[in-house]
Amino acid sequence: MIERRGIVLDLDDLHDEWPGLLHQANLNVLGLHNWGPEPEIRSKIDAMIRFFESAEGFRLANRLDDLNIGLEFELHAMCWLLPSEYYGRHPHWFRMDENGVRTPHDNFCPSSEGALEIVRDQAIRLARKLKPTTGRYYMWQDDNKPWCRCENCRTYSDGDQNLLVMNAILEAIRTVDRHAKLSYLDYMATLESPPGKVRPHEGIFLEITGPGIHRMNESGLRGVDGDEKFQQALARNLTVFGTEEAQVLEYWLDVSLQSRWRKPAGKLRFDEVAAARDIAYYRSQGIRSITSFGVFMDQSYFREHGIPPVEAYGRLLE
């Protein structure tokens, strides 16, 4: 059995049927995500904080705990950790693009100690506000965006720059949770170039996205089977990060992807045979933690399309 069996939903997807459905499907991890365009990403983190400070949020957390389902927060957090409002006073904190221009968009400059100080402080704040019940934190880089090209940063790959920042964040959050573990998200831009100069601190674990987001056909996602490029990328990354804590983040249940990120959402096309092949491959590589996006499966989706095939997905992970 896969030890950690999860699904990642957006905060807007939550409704009363989800805890029971996760339990019936034998899933033991619920990750919450902040899907949306950049202006919404920051506001959704704030909304998530407010929700889990509310009575409704406490009830959900307690319900999940009663069902032995871990609660995690898988967040594109970089624009929250270093808000663009600092750009006017401290442009050198922010990323330099290929043309030598500093920009407040897309990650920041890891060579700037001032920027890192703000990121560390904000990471501590976020770790206190949204504390996972599993000890596993996710404070991802900006969504498939480049890192810095300044003189000090340009000798580091995007993967190395991302890991430099994740190492710094882990050091910070371990001041409030000494057993904290932190995801290094390997996603699109960094997938084929794992860190080479920077080594992960103890407690950094690999989270690698499946190849489905790159390729879809009429029947659904194209999987790992026969995808040599992805298999080689996974092998290289496992060499850097190890397999013990490694996690795959897939798209088998991601209605938002199949709906091209537009609502109203279409009905999920779940290819159970292809997902089973993918899971078998991940098992063969020693992966013991697998989760899938399930974004857009909100209450409206349940009313329009019925209960999604979450139990079928859960059976594949047993």
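Note that the coordinates shown come from a computational prediction; the quantities given were computed from them, not determined experimentally.

A. Geometry of unusual backbone geometry. Look at the link from lysine 263 to proline 264: it is a cis peptide, with omega at 5 degrees. Here proline 264 is to be found in the loop between helix H8 (255–258) and helix H9 (272–284). Although it is not a glycine, asparagine 68 sits at a positive phi angle of roughly 60 degrees. Relative to the elements of secondary structure, asparagine 68 occurs in the loop between helix H3 (55–66) and strand E3 (70–76). Relative accessible area serves as the criterion here: at 64%, asparagine 68 is assigned to the exposed category. The phi dihedral of phenylalanine 296 is positive, around 85 degrees, even though this residue is not glycine. What makes phenylalanine 296 buried here is its relative accessible area of 4%.

B. Structural detail: the environment of leucine 9. Relative to the elements of secondary structure, leucine 9 occurs in strand E1 (residues 4–10). Taking the C-alpha atoms as reference, leucine 9 lies 15 Å from glycine 57; in sequence the two are 48 residues apart. In this structure, leucine 9 is in contact with Leu14, Trp18, Leu30, Gly31, Leu32, His33, Gly294 and Val295, ignoring residues within four places of it in sequence.

C. How the structure looks around the side chain of aspartate 177. Secondary-structure assignment places aspartate 177 in the loop between helix H6 (158–173) and strand E5 (181–186). The charged side chain of aspartate 177 is buried without a salt bridge, its nearest counter-charge being lysine 131 at 4.6 Å. Excluding residues within four positions of it along the chain, aspartate 177 makes contact with Lys131 and Tyr137.

D. The pattern of salt bridges, seen in detail. Inspection of every chain in the model, using the stated rule, returns 14 salt bridges. The salt bridge involving lysine 129 is made with glutamate 53; its shortest N-O contact spans 3.1 Å. One end of the pair, lysine 129, is in helix H5 (residues 113–129); the other, glutamate 53, is in the loop between helix H2 (38–52) and H3, and 76 residues separate them in sequence. Relative accessible area serves as the criterion here: at 39%, lysine 129 is assigned to the partly exposed category. By relative accessible area, which is 45% here, glutamate 53 ends up partly exposed. Glutamate 245 is paired through a salt bridge with lysine 181; the nearest N and O atoms lie 2.8 Å apart. One end of the pair, glutamate 245, is in the loop between helix H7 (228–241) and strand E9 (247–250); the other, lysine 181, is in strand E5, and 64 residues separate them in sequence. Residue classification places glutamate 245 among the partly exposed positions, given a relative accessible area of 27%. Among the residues examined, lysine 181 registers a relative accessible area of 28% and is labelled partly exposed. Within the structure, one salt-bridge network assembled from shared partners comprises Asp10, Asp12 and Lys44.

Cut-offs and rules
- Residues numbered from 1 in each chain as written.
- Predicted model: local features only at pLDDT ≥ 70, side-chain atom pairs only at ≥ 80, totals over all residues.
- Heavy atoms only, no water.
- Helix = DSSP H or I, 4+ residues; strand = E, 2+ residues; numbered from the N terminus.
- Buried < 20%, exposed > 50% of the residue type's maximum accessible area, 1.4 Å probe, protein only.
- Contact = heavy atoms within 4.5 Å.
- Lys, Arg positive; Asp, Glu negative; His and termini not counted.
- Salt bridge = Lys/Arg side-chain N within 4 Å of Asp/Glu carboxyl O.

That's the geometry; what it means functionally is another story.
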